[in-house]
Amino acid sequence: MRKILLTAYFLGVTFFAYTQGIAEYLSAPFPTYMTAAPDGKAVAWVFNDQGERNVFYAKAPDYQAKKLTDYKGDQGIDLGPLVFSTDGKTLLFVRGNGRNPNGEPANPAQLQENTDKKIFKIDLETGKSSWFAPGASPIFSPDGKDIAYLLGGAVYLKAASDTTESVAQLFKARGSASMLSFSPDGKYLAFMSGRSDHSFVGLWDLEKKELTYPEASLDFDAYPAWSPDGKKLAYLRIPNILNLLPFTSITEANPWSIRILDIATMKAEEVWKADPGRGSVMVDDLPAISERLWWTPSGSLIFPWEKNNWMQLYSINPKTKEVKHLTPGEGQVEWVQTSFTKNELLITHNIGNIDRRQVSRLDLSTFELELLSDPQTINWSPFRIENGLAWFQSNWNRPGWPMVQTYGQTKALAAELFPTNFPKNLSKPEPITLKARDGFESYGQLFLPSDYDPNKKYPAVIFLHGGSRRQMLLGFNYGMYYSHTYAAQQYFTSQGYIAFILNYRSGIGYGMDFREEENYGAGGASEVQDVMAAADYLAARSDVDKSKISPWGGSYGGFLTAHVLSQAPEKFNVGVDIHGVHNWNNDIPVFAPWYKPEKFPEMAALAFQSSPMNFVKNWKDPVLLIHGDDDRNVLFSESVELAEVLRKQGVHVEQLIFPDEIHSFLLHRHWVKALEATFNFIDNYSSEK
Ligand SMILES: CSCC[C@H](NC=O)C(=O)N[C@@H](CO)C(=O)O
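All values derive from a computational prediction rather than experimental measurement. (Residues numbered from 1 in each chain as written. Predicted model: local features only at pLDDT ≥ 70, side-chain atom pairs only at ≥ 80, totals over all residues. Heavy atoms only, no water.)

Moving on, we come to the pairing of strand β32 (residues 398–406). For β32, the buried fraction is high: 7 of the 9 residues fall into the buried class. Pairing geometry for strand β31 (residues 388–395) and β32, over 7 bridges, is antiparallel. The residue of β32 that forms the bridge with A390 is V404. Remark: 2 residues form the turn of the hairpin made by β31 and β32, two consecutive strands paired antiparallel. One ladder, built from 4 bridges, connects β32 with strand β33 (residues 409–412); its direction is antiparallel. From the neighbouring strand, V404 faces β33, where its bridge partner is K411. A loop of 2 residues connects β32 with β33, the two strands running antiparallel in sequence, and Y407 in this loop sits at a positive phi of about 50°. (Buried < 20%, exposed > 50% of the residue type's maximum accessible area, 1.4 Å probe, protein only. Helix = DSSP H or I, 4+ residues; strand = E, 2+ residues; numbered from the N terminus. Pairing = 2+ DSSP bridges.)

Written as structure tokens, this is what we have:
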């Protein structure tokens, strides 16, 4: 909070004007990991309150929020997910950070303690929480007596009531285990055994203590899903795509299929296969679909398929092989949530509301679809509760917050925790459609200052998201990274800027043709044209000072900022590049260890031609580089190498480096510092002197 005293001696009056800083725009606790009790009588979630992460709980009938843990301060230790026990009396939470390739758990606050991921247990009757085991991804056995979890790619099992420090690996297996799922009768634990270019669905027989792979293949067998009666196990078979470079387009491949294993005979059959061509690829970089198969009470299977340019839901009746299209319309289904009632799925989507997220109910008997959310808002993470729903909701002027609706009455959970000094005078974004030089249409949001004067000429900023499998929405995003960057664009607007947020090709939300544009990324960087279109759109506006247009962005957005400052320095003023990629051939091996550029010369040549470093000699505009040096997504060396080249060619380079910080900053103070530095750097070159 900054107080400016302007004493208008002339007026003999004294008044105070408050301008709120970026810290206030980032001050609302950010909610994640909504989950509901198995009986639908309670919910829990995590609040990240300016870096202080804690577990919250609310139960029927009044859903009064209660804080269950008492972690203090901005410590940079992640918290979540949350898992209710089968009887709803215990809540597990995971606290800690992942390890980098050197086996070091992230620790951006330099805490003198081990920050590895650990599982904790909260007794919901006493509120007492205690350490349970090292590891992550815990699930309860159907009888609630045991907890299976993952540690270092292996499967462990521990009695839920065991308070000792003993840990026991459940079974020995090659490969990396994931996707744990108990059979309804608790006899089997199904899992995926990942092995670089293929994977098996494995079964551990908890009675016989035997490990089997009922049906091994050359493909990726994954996403095991038990039938309600436990007699069948369905899973996907996804053919490997050899030498598919990450961050390049893929629209067709050897079609994926659905198989069902009969547990009694341990014989499996194919029940459905995608058609060749469109929809034949089961993409794995969609952000939120963690499962891929859902059984109906009548024994049909629900699955996602991108047959009609949109990732949407279909059903297959394994007996009749009849396929039904369940979610028609223009838009994608992004998340599917099961329900304790077992007779519905709750889906998060943008069908018919392309620049927001809606929640709908899919009835598993009639396949009727019912919209549950307010179309003027952004909604995600829905969970069924008794006589109602719990979910997260945001809007253009309010960041994400946990909501509950029971008996038709809707309220914000823990409303008293929403900061009273959260900025109120925000700008309502206007959706804009752009056309690039190659005719490709992209989309964006325009923000005008609250005291907008059409006769003035404003400096402008363009925010470029990362991913690139992301979509910026007409409001605060459902991910904290982009909720914060949306807040920063609102701050620019409050400081007299026209702000623009671009959804460039290769992002999600606008269909496969938009997401898989042929020449995007390391296959030609065609999305740079969309950034140029955004700059040309702003420069053509009478209310924009075209000499003061500045791009900024993180990761893939840093990559695009570097591209346009290299390729068209004349269009731009200055830029801010936050942990950006500058040479695909350096960073892609982080995502594809098999990729050795020297072994794929043609691919490497195109990837370099699609990198900012290919154009860097034209770079003139001042730039601020921001990066954490324990970044596991974009190598810190990407910023080190760029700074060296730019300094040699006399470009003004400023830097903000966070020791031991990772890609999506764990420390709230790093978010505040990074976005304050972004504003101050651009404003230093943009505001009237
Ligand atoms: C080699 S580009 C990597 C970009 C990166 N993708 C995955 O990590 C990225 O942009 N990540 C974030 C932004 O921080 C994202 O939005 O996914």
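A word on the pattern of salt bridges. Oppositely charged side chains are able to pair whenever their charged atoms sit close together. One pass over the full model with this rule turns up 29 salt bridges. Where D530 meets R505, a salt bridge forms, and the shortest distance between an N and an O atom there is 2.8 Å. Of the two residues, D530 is situated in helix α4 (residues 528–540) and R505 in the loop between β37 (498–503) and α3 (512–515); the sequence distance between them amounts to 25 residues. By the burial criterion, D530 is buried, and R505 matches it. Linking D543 and R541 is a salt bridge whose minimum nitrogen-to-oxygen distance equals 2.6 Å. (Salt bridge = Lys/Arg side-chain N within 4 Å of Asp/Glu carboxyl O.)

A few words on unusual backbone geometry. Note on backbone geometry: most residues besides glycine have negative phi, and most peptide bonds are trans. Of note, the amide linkage connecting A60 to P61 takes the cis form, showing an omega dihedral of 0°. Its place among the elements puts P61 in the loop between β5 (52–59) and β6 (66–67). With an omega dihedral of 0°, the bond running from G80 to P81 counts as a cis peptide bond. Secondary-structure assignment places P81 in strand β7 (residues 79–84). Of note in the backbone geometry, Q50 takes a positive phi value of approximately 55° without being a glycine. Note on placement: Q50 falls in the loop between β4 (42–49) and β5.

Okay, the UniProt feature "domain: Peptidase S9 prolyl oligopeptidase catalytic" (unreviewed entry) in the chain next. In the UniProt entry, the feature "domain: Peptidase S9 prolyl oligopeptidase catalytic" (unreviewed entry) is given for residues 487–686. In residues 487–686, the share of helix is 42% and the share of strand is 16%. The end C-alpha atoms are 20 Å apart. (UniProt positions renumbered as here; feature names shortened; annotations may be inferred.)

On to the packing of α4 against helix α5 (residues 556–567). For any two helices packed against each other, one specifies the inter-axial angle together with the distance between the axes. Where α4 meets α5, the axes come as close as 10 Å, and the angle between the chain directions of the two elements is 70°. By the angle between their axes, α4 is roughly perpendicular relative to α5. Relative to α5, the crossing made by α4 is right-handed. On the side of α4, the interface is formed by V528, V531 and M532, while α5 contributes L560, H563, V564 and Q567. When its residues are assigned to classes, the contact of α4 with α5 shows 5 nonpolar, 2 polar and no charged. (Axes fitted to C-alpha atoms, helices over the stretch in contact; angles between N-to-C directions. Parallel < 35°, antiparallel > 145°, perpendicular 65-115°, else oblique. Left-handed = near helix turned anticlockwise from the far one by under 90°. Contact = heavy atoms within 4.5 Å. Nonpolar A, V, L, I, M, F, W, Y, C, P; charged D, E, K, R; others polar.)

For the rest of this paragraph, the subject is the site of the ligand. Near the ligand, the surroundings consist of 14 residues, among which G467, R470, Y482, S555 and N633 are the closest. Here an oxygen atom of the ligand and a side-chain polar atom of N633 are 2.7 Å apart. Compared with its free state, where it exposes 430 Å², the ligand has 91% of that area covered by protein. Looking at the shell around the ligand, the elements that each hand over two or more residues are α2 (480–494) and α6 (584–591). At 3 residues, the largest contribution of residues to the shell around the ligand is made by α6. Within the shell around the ligand, the residues separate by chemical class into 7 nonpolar, 5 polar and 2 charged. (Near = heavy atom within 4 Å. Polar contact = N/O pair within 3.5 Å; in protein donor to acceptor, adjacent residues only side chain to side chain. Areas by Shrake-Rupley, 256 points an atom, 1.4 Å probe, with all protein chains shown as cover.)

Let's shift gears to the packing of α2 against helix α9 (residues 668–686). The geometry of α2 relative to α9 is characterised by a closest axis approach of 11 Å and an angle of 35° between their N-to-C directions. The interaxial crossing formed by α2 with α9 has right-handed handedness. Facing M480, Y481, H484, A488, Y491 and F492 of α2, the residues of α9 in contact are H668, W671, L675, T678, F679 and I682. Taken together, the residues of the contact of α2 with α9 sort by class into 9 nonpolar, 3 polar and no charged.

This brings us to the environment of Q445. Looking at the secondary structure, you find Q445 in strand β35 (residues 441–447). Judged by relative accessible area, which is 1%, Q445 ranks as buried. Along the backbone, Q445 and A499 are 54 residues apart, and their C-alpha atoms lie at a distance of 8.2 Å. When residues no more than four places from it in sequence are discounted, the contact partners of Q445 are P429, E430, M472, L473, L474, A499, F500, I501 and N503. Engagement of the side chain of Q445 in a polar contact is seen with the backbone oxygen of M472, the distance being 2.9 Å.

On to the sheet that holds strand β28 (residues 358–363), then. Picture the strands of a sheet paired through backbone hydrogen bonds; they go either parallel or antiparallel. Taken together, the 4 strands give an open sheet; going across it, the order is β26-β27-β28-β29, and neighbouring strands pair in antiparallel fashion. Each edge of the sheet is formed by a strand with only one pairing partner; in this case those strands are β26 (333–338) and β29 (369–371). The average angle at which neighbouring strand axes cross in this sheet is 30°, direction not considered. In this structure, strand β27 (residues 344–349) lies alongside β28, joined through 6 bridges in antiparallel fashion. What sits directly across from I347, in β28, is S360.

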